[in-house]
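# Geometric and topological summary
Chain residues, written in single-letter form:
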Amino acid sequence: MDPLTALREMTIQNKLDQIVRVNNEYRFNSALSFPCTIETAYRSKQGNLYTLETLVYFITNLHIKHHDYIRNAGTHRIPAVTLLDRKPLIEYLHGRISSTDAIEFHDYRVNNLPIYPNLNLAPVDDVNFDDLESRVRVRPQDRNPIELIREIERPLRDRETVLECRHRDFYSLLTAATKRDEERQRVESQQRKDGLVAKTRIGDELGVDRNVKMKGGKIGEGVPIILVPSASQTLITIYNVKEFLEDGVFIPTDVKMKGMKGPKPECVTVLKKFSSRDRVVTAYEVRDKPSALKAEEWGRVVAVFVLGKEWQFKDWPFKDHVEIFNKILGFYMRFEDDSVESAKIVKQWNVKIISISKNKRHQDRAAALDVWDRLEEFVRSRSRS
């Protein structure tokens, strides 16, 4: 019986605890033992044949996580089973599959006696089945030189331990890479114009066709529009709206203005990516100059962040606030500890008041999600009108 088959049978029979290591060999029972470093018939995806020592240590340590197993195997100087081989090897040893392409059986039998591959055997007249060593006699000078070298080899590093850097971490590298990626995305987004913005649609999750008729207008071809005040004293402006809606982080406008290079953007593209249900990323244009909108573009306006001042709606193509907030979803951003007077006028309008903390930035995400949820529900309800 070859070592791989013997180990498989012991695994299936739940007798792994009966495998005993004595010096440099594993004893499966009183009549069957193999050298620890003997190569089995299981070939890894890296090309080498796993040794019996590797497979025994692997199958007896399935209760620990793979990365812990790799580390422990390195500590004991035992070559480890790779992650790619882990699942098929477990299935084979537990008898869930009968064979696999990774197995390359060789002749492990002579006269029905287990032998070691590539070894010259001296014949034995009397066989004592209680002692395998009395059945197989190997002269060291006749053994394969490569096998002798492998027996005394002890791996110092593997591809897992090479990646471990004590007293160092990659946080700064990750931070720098993330910042570069965010800057690239920001530049690409700002360079998109009306006709160049990637095609978007209010997908199945919103339940809206881009050409669906709406009361008093339609979501036409192109990207839905969100309007923000041009005044810098409001919390949400064209400078910080992208970070708030996409990343769920409020950054004061003055801070963004100091760090921004170049002129003020006329249009900012914001991607809706908070909802895990979305199969399609939805893009929105954010503008702060309603007077520059063409007549047909007003049909694409779906939301507005209000300043709380009447003059914000001057020259809008609606007769009053009732009509505005029936056709466009309104939001008013404020700090939670602001006075009630600051929202006195806004409370007379059909707008949603969104409150954020002045200092607790971890709460911003919930506020941004509230905006997205209400915008999604608003568009869905208008599509049924």
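The following refers to the structure shown. (Residues numbered from 1 in each chain as written. Predicted model: local features only at pLDDT ≥ 70, side-chain atom pairs only at ≥ 80, totals over all residues. Heavy atoms only, no water.)

## Details of helix H4 (residues 83-93)
Of the residues making up H4, those classed as buried are Asp85, Arg86, Leu89, Ile90, Tyr92 and Leu93. Looking straight down H4, one finds its buried side chains confined to an arc of 160°; they lie on one side. Opposite its buried face, H4 presents the exposed residues Leu84 and Lys87, each directed more than 90 degrees away. Close packing links the buried residues of H4 with helix H1 (3-12), strand S4 (39-43), strand S5 (49-51), helix H2 (52-59) and helix H3 (66-75). Gly95 occupies a position one or two residues after H4 and carries a positive phi of about 80°. (Buried < 20%, exposed > 50% of the residue type's maximum accessible area, 1.4 Å probe, protein only. Helix = DSSP H or I, 4+ residues; strand = E, 2+ residues; numbered from the N terminus. Arc of directions from axis to C-beta. Contact = heavy atoms within 4.5 Å.)

## So, the packing of aromatic side chains
Within this structure, the stated rule accounts for 13 aromatic pairs. An aromatic cluster of at least three residues, connected via ring pairs, comprises Trp298, Phe313, Trp316, Phe318, Phe325 and Trp349. When the ring centre of Tyr92 is taken as origin, the NZ or CZ atom of Arg8, which lies over that ring, is 4.5 Å away. (Phe/Tyr/Trp six-rings, centres within 6.5 Å; stacked < 30°, edge-to-face > 60°. Lys NZ or Arg CZ within 6 Å of the ring centre and 35° of its normal.)

## A short note on the sheet that holds strand S3 (residues 32-35)
Reading across from one edge, S1-S2-S3 is the order of the 3 strands in this open sheet, with antiparallel pairing throughout. The open sheet has two free edges, formed respectively by strand S1 (20-22) and S3, since each of these has just one partner strand. Each strand axis lies, on average, 30° off the axis of its neighbour in the sheet, ignoring direction. Contacting strand S2 (25-29) and S3, H1 runs over the sheet at an angle of about 50° to S2. (Pairing = 2+ DSSP bridges. Axes fitted to C-alpha atoms, helices over the stretch in contact; angles between N-to-C directions.)

## Here we look at the environment of Ala231
Tracing the sequence through the fold places Ala231 in the loop between strand S10 (225-227) and helix H8 (241-247). By relative accessible area, Ala231 is classed as buried at 13%. Taking C-alpha positions, Ala231 is 8.0 Å from Leu307, a pair spaced 76 residues apart along the chain. Once residues lying within four places of it in the same chain are set aside, the contact partners of Ala231 are Thr237, Leu307 and Trp311.

## A closer look at the packing of H1 against H2
At their nearest, the axes of H1 and H2 sit 10 Å apart, and the two run at 15° to each other. Classed by the angle they form, the pair H1 and H2 counts as roughly parallel. Note on packing geometry: the crossing formed by H1 with H2 is right-handed. Taken together, the residues of H2 that come into contact with H1 (itself represented by Pro3, Leu4, Leu7 and Thr11) are Leu52, Leu55, Val56 and Ile59. Split into classes, the residues belonging to the contact of H1 with H2 amount to 7 nonpolar, 1 polar and no charged. (Parallel < 35°, antiparallel > 145°, perpendicular 65-115°, else oblique. Left-handed = near helix turned anticlockwise from the far one by under 90°. Nonpolar A, V, L, I, M, F, W, Y, C, P; charged D, E, K, R; others polar.)

## Observations regarding the nonpolar core
Within the largest apolar cluster, 33 residues are counted, with the highest numbers of intra-cluster contacts made by Leu4, Leu7, Phe28, Leu52 and Tyr69. Counting residues per element, the ones that place at least two in this core are H1, S2, S3, S4, H2, H3 and H4. Ranked by the residues each element gives to this core, the list is headed by H2, at 6 residues. The residues touching Tyr69, leaving out its near neighbours within four places in the chain, are Thr54, Tyr57, Phe58, Asn61, Ile64, Pro79, Ala80 and Val81. If you look at the next biggest cluster of nonpolar residues, it comprises 31 residues, including Ile238, Ala368, Val371 and Trp372. (Core = buried A, V, L, I, M, F, W, Y, C linked by side-chain atoms within 4.5 Å.)

## Some points on the sheet that holds strand S11 (residues 268-272)
Reading across from one edge, S11-S12-S10-S13-S14-S15 is the order of the 6 strands in this open sheet, with mixed pairing throughout. What marks the edges here is a single partner per strand, and that holds for S11 and strand S15 (351-356). Adjacent strand axes in the sheet meet at a mean angle of 30°, parallel and antiparallel pairs treated alike. In the sheet, S11 pairs with strand S12 (residues 282-287) via 5 bridges, with the strands oriented antiparallel. Paired with Lys272 across the bridge in S12 is Thr282. In the packing of helix H11 (residues 364-383) onto the sheet, the strands contacted are S10, S11, S12, strand S13 (301-305), strand S14 (329-335) and S15, and the crossing angle to S15 comes to about 165°.

## A few points about the pairing of S13
Of all 5 residues that make up S13, 5 are buried, and the element is covered over most of its length. Pairing analysis gives 3 bridges linking S10 to S13, with the strands arranged parallel. Paired with Ile225 across the strands is Val301, a residue of S13. The pairing of S13 with S14 spans 3 bridges and is parallel. Counterpart to Phe305 in the pairing with S14 is Phe331.

## Quick word on the side chain of Asp2
Along the chain, Asp2 turns up in the segment before H1. Among the residues examined, Asp2 registers a relative accessible area of 10% and is labelled buried. Here Thr5 takes part through its side chain, which lies 2.5 Å from a polar atom of the side chain of Asp2. (Polar contact = N/O pair within 3.5 Å; in protein donor to acceptor, adjacent residues only side chain to side chain.)

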